[in-house]
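Residues per chain, in single letters:
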Amino acid sequence: MNDILLKIVPLLLIFIVGYILKKANIFRDADLLLKLVFYVSLPALIILSVSKIKLSAETILLPATAILVIIITFLVSYFIGKMLRLERPSFGTFLIGTMILNLGFLYPFFLAAYGQEGFAKATLFNFGNDLMIFTFIYCLACKYGDNKKDNKAIIKKFILAPPLWALIISLIINFSNSSVPSFLNGFFEILGNTAIPLILLSLGIYFTPKIVKFVPLTAAVIIRMFVGLFLGYFFVRLFGFNGLEKSIVLIASAAPVGFNTITFSSLESLDKEFAAALVSVSILIGIFLAPLLIM
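Residues numbered from 1 in each chain as written. Predicted model: local features only at pLDDT ≥ 70, side-chain atom pairs only at ≥ 80, totals over all residues. Heavy atoms only, no water.

### Details of the overall build of the chain
For the chain, the count of helices and strands is 13 helices and zero strands. When the helices and strands of the chain are read in sequence order from the N terminus, they spell out α-α-α-α-α-α-α-α-α-α-α-α-α. Its C-alpha atoms give the chain a radius of gyration of 18 Å, near enough to 19 Å, the size a compact globule of 295 residues would have. Referenced to the eigenvectors of the C-alpha coordinate spread, the extents of the chain come out at roughly 55 × 45 × 40 Å. In the chain, which comprises 295 residues, the proportion classed as buried is 51%. The long-range fraction of contacts in the chain, counting pairs at least 24 apart against all pairs at least 6 apart in sequence, stands at 86%. (Helix = DSSP H or I, 4+ residues; strand = E, 2+ residues; numbered from the N terminus. Rg over C-alpha atoms; globule rule 2.2 N^0.38 Å. Buried < 20%, exposed > 50% of the residue type's maximum accessible area, 1.4 Å probe, protein only. Contact = heavy atoms within 4.5 Å.)

So, in structure tokens, the structure goes:
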């Protein structure tokens, strides 16, 4: 436990540094940092990790589990959201906020506690999450928003996403019993090592805790993180996950609200202030919950 704690404390300190940089007006946003993670660091880490992982029946079930967790969460959120009688834009944000898992927030914790194998399996779990985000969840955002919908643009964005292609390439390497050439291996290691500091600095910069719509916010965070944890436990028992897969499913199912909640709320004219509050408050809880679940 002490070893895990020693690995996690530096992550929290990097997050604090990001928040200090924002408060000191050195950084006002972290869009560039997150773009570097999305286009450079994550693809490198995915190729490096997934290409070496030993695939099994449990591993293949990881993305399916993510999809099932999200679908059941939608049913719970729809029922609770209707009871809260939210305005249409807020209801839309409530739905997508409870469904989008913030695996980017958890990646540094997985890397620190479980190494590249843990990250690789978390990436496979996140494949199911991303598939739902850019299909069903985005369609919900469009349904409850006001803007014109460009379905072709969102499909193109999903198909051309570098992490998706990195996952496909790494799976091809894995299934063909090949390996990444040594000179590229070092290249990917250097790029991949930038992921942890960039993600945590970005989270610190974006962190703006503000209570908006207290009852719906509390309900959404409970559904996303604690109902999510219960669903993770249910599928661990149902599918018989053990060892590292069990840990990944439990922790990932209790992930905070994802950043795409803010992105989709902005694109589709949903409740952006409510979205920002959901992300920030859930991340604050996640800072403490993730290490506890790991330990």
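Now that the structure has been shown, the text picks up again.
### Quick word on the confidence of the model for the chain
Of the residues in the chain, 94% have a pLDDT of 70 or more, and the chain-wide mean is 85. Least confident of the elements in the chain is helix 6 (residues 151-159), whose mean pLDDT is 69; most confident is helix 10 (residues 214-239), at 96. (pLDDT = per-residue confidence, 0-100.)

### Points about the pattern of salt bridges
Counted by the stated rule, this structure contains three salt bridges. Glutamate 117 is the partner of lysine 121 in a salt bridge, and the nearest nitrogen-oxygen pair spans 3.4 Å. Of this pair, lysine 121 and glutamate 117 both sit in helix 5 (residues 103-144), four residues apart, roughly one helical turn. On the accessibility criterion, lysine 121 (5% relative accessible area) is buried. By relative accessible area, which is 43% here, glutamate 117 ends up partly exposed. For lysine 121, the salt bridge is made with glutamate 245, and the minimal N-O distance between the two is 2.4 Å. Linking lysine 121 in helix 5 with glutamate 245 in helix 11 (residues 243-253), this pair joins segments that are 124 residues apart in sequence. With respect to burial, lysine 121 and glutamate 245 carry one shared label: buried. When salt bridges that share partners are traced, they join Glu117, Lys121 and Glu245 into one network. (Salt bridge = Lys/Arg side-chain N within 4 Å of Asp/Glu carboxyl O.)

### Description of the packing of aromatic side chains
Tallied over the entire structure, the rule returns twelve aromatic pairs. Ring pairing ties together the aromatic residues Phe74, Tyr78, Phe91, Phe136 and Tyr144, which thus form one cluster. (Phe/Tyr/Trp six-rings, centres within 6.5 Å; stacked < 30°, edge-to-face > 60°.)

### Some words on the packing of helix 5 against helix 13 (residues 272-294)
Taken N-terminus to C-terminus, the directions of helix 5 and helix 13 make an angle of 20 degrees; their axes are 11 Å apart at the nearest point. Classified by the angle their axes make, helix 5 and helix 13 are roughly parallel. As helix 5 runs across helix 13, the sense of the crossing is right-handed. Mapping the contact onto sequence places Phe105, Leu106, Phe109, Ala113 and Tyr114 in helix 5 and Ile283, Gly286, Ile287, Ala290, Pro291 and Ile294 in helix 13. Counted by class, the contact of helix 5 with helix 13 contains ten nonpolar, one polar and no charged residues. (Axes fitted to C-alpha atoms, helices over the stretch in contact; angles between N-to-C directions. Parallel < 35°, antiparallel > 145°, perpendicular 65-115°, else oblique. Left-handed = near helix turned anticlockwise from the far one by under 90°. Nonpolar A, V, L, I, M, F, W, Y, C, P; charged D, E, K, R; others polar.)

### Some remarks on unusual backbone geometry
What you tend to see is this: most non-glycine residues have negative phi, and most peptide bonds are trans. With a phi angle near 55 degrees, asparagine 177 is a residue other than glycine that sits in the positive phi range. Here asparagine 177 lies in the loop between helix 7 (162-175) and helix 8 (182-192).

### Structural notes on helix 5
Helix length check: helix 5, at 42 residues, gives a terminal C-alpha distance of 25 Å against a target of 62 Å (1.5 Å per residue), a shortfall beyond 12%. Of all the bends in helix 5, the greatest, near 135 degrees, is centred on tyrosine 114. Across the 42 residues of helix 5, 30 count as buried, placing the element largely inside the fold. (Expected span 1.5 Å × (residues − 1). Bend = angle between axes of the 7 residues up to and from the residue.)

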